[in-house]
Amino acid sequence: MTNLRFAIIGCGRISPNHLAAAIQNKLDIVAICDLDEKKMEQTISTFDLGVAVTKYTDYRQMLAIEKPDLVAICTESGKHGQIALDCIDSGSHLIIEKPIALSLEEADQIIERAEAKNLKVSACHQNRFNKSVQKLREAVEAGRFGRLLHGTAHIRWNRGEDYYIQAPWRGTWQQDGGALMNQCIHNIDLLRWMMGDDIVEVVGMTDNLKHPFIEAEDLGIALVRFANGSYGVIEGTTNIYPQNFEETLYVFGDQGTVKIGGKSVNIIEEWLFADQLDDSQEVKAKYLENPPTVYGFGHTPLYADVIEAIEQDREPYVTAEDGRRALELVLAIYKSAAEKKSVQLPLEKASTLDFINLFHRVSESGQGYD
């Protein structure tokens, strides 16, 4: 067991991945927090946490009493920002489930306060640790693609009404956003990371085609122009029949082509380079993963990295700034769709709250947003 005291806030859908990662990394789990007592009891039973773990319904009380070294925030997205700021003020390092916040202002406050207190904050974009993604990143950093031309991110998943009934905050502008913010932000993060990070311009369109019970979009499409002259294409939807189909990432350069697919970018499907430094079939076989869910295997190595970052006083592999960049791109797509024009980056201020009552379904009129 490490000497780091760990606590988790939120015992919902993604929390088992965090707790499993914490256990595998031998963190000292001292507390869990949720408004629902039954969820906490179930969590304690599932992971056999025992009486050493204290339950709290008030996270501020938990912070004051337990003084955890590291906290995982797994609540509704709209609460990430304020909880993160409170945790930083109390002196805790953080792993924040995606998105890091729902406004750029809160993301900036998280970054600034953490830097001022020398606390480590990692945005939980765990797919960066996929074997396939790590191999792709290695090729990008080695310059094997030559000139980067364009990349594409496709997230073709399914979410039915039961998913939203289970947690009514999903699909709302105040606590979530739509398909791009919730389901697609991982691959959006990867696309931005691979293609050079700095973005000049975004053009986006969104619609709600078959989810009238949510406020936000179930389809988002965007074109991205990067500062290095390359381009990106994003297609994200939760409308795929009858179930999750694929999550794919393509990178095209004048000296290389790579496609990573599978349900959560975990399988290298194409690996072609002019330099012929490795055998395509061997790479595909070596870097293949087959996780049981779309969450993949990335939480455990992400936790290991954050623990090491704390112990070595360095930045995590996935930083709060990385989380802000993914958030910024999604908000830029929303802004472009709402204003029906291209949006220039960087953005200083933007929030999902900006879009309350602003979007109307394209399909109702066939003529675009009212």
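Residues numbered from 1 in each chain as written. Predicted model: local features only at pLDDT ≥ 70, side-chain atom pairs only at ≥ 80, totals over all residues. Heavy atoms only, no water.

(A) Focus on the sheet that holds strand S2 (residues 28-33). Spatial strand order, S3-S2-S1-S4-S5-S6: six strands in an open sheet with parallel pairing. In the strand order of this sheet, the two ends are held by strand S3 (54-56) and strand S6 (121-124), each with one partner. Here the strands of the sheet are splayed against their neighbours by 20° on average, with no regard to which way each runs. Alignment of strand S4 (residues 70-73) against strand S5 (residues 93-97), held across four bridges, turns out to be parallel. Considered in S5, the bridge of Val71 is made with Leu94. (Pairing = 2+ DSSP bridges. Helix = DSSP H or I, 4+ residues; strand = E, 2+ residues; numbered from the N terminus. Axes fitted to C-alpha atoms, helices over the stretch in contact; angles between N-to-C directions.)

(B) Spotlight on the packing of helix H3 (residues 59-66) against helix H4 (residues 80-90). As a packed pair, H3 and H4 sit with axes 10 Å apart at the nearest point and diverge in direction by 15°. Comparing their axes, H4 and H3 come out roughly parallel. For the pair H3 and H4, the sense of crossing is right-handed. Of H4, the residues touching H3 (which contributes Tyr59, Arg60 and Leu63) are Gln82, Ile83, Asp86, Cys87 and Ser90. The residue makeup of the contact of H3 with H4, split by class, is four nonpolar, two polar and two charged. (Parallel < 35°, antiparallel > 145°, perpendicular 65-115°, else oblique. Left-handed = near helix turned anticlockwise from the far one by under 90°. Contact = heavy atoms within 4.5 Å. Nonpolar A, V, L, I, M, F, W, Y, C, P; charged D, E, K, R; others polar.)

(C) Seen up close, the sheet that holds strand S10 (residues 231-237). Overall, mixed pairing links the eight strands, which are arranged S13-S12-S11-S7-S10-S9-S8-S14 in an open sheet. With partners counted over all chains shown, the strands left at the sheet margins are strand S13 (267-273) and strand S14 (343-344), one partner each. The pairing of strand S11 (residues 246-253) with strand S12 (residues 256-261) spans five bridges and is classified as antiparallel. Counted as the bridge partner of Phe252 is Thr257 from S12. Across the sheet, helix H9 (residues 185-195) lies against strand S7 (148-156), strand S8 (199-207), strand S9 (219-226), S10 and S11, angled at about 175° from S7, the strand it touches most. Its contacts with the sheet put helix H12 (residues 320-339) on S8, S9, S10 and S14, and the angle it makes with S8 is roughly 60°.

(D) Geometry of helix H1 (residues 15-24). Of the residues making up H1, those classed as buried are Ser15, Asn17, His18, Leu19, Ala21 and Ala22. Following H1 by one or two positions, Lys26 adopts a phi angle in the positive range, close to 60°. (Buried < 20%, exposed > 50% of the residue type's maximum accessible area, 1.4 Å probe, protein only.)

Keep in mind that these numbers describe shape and distance, not what the molecule does.
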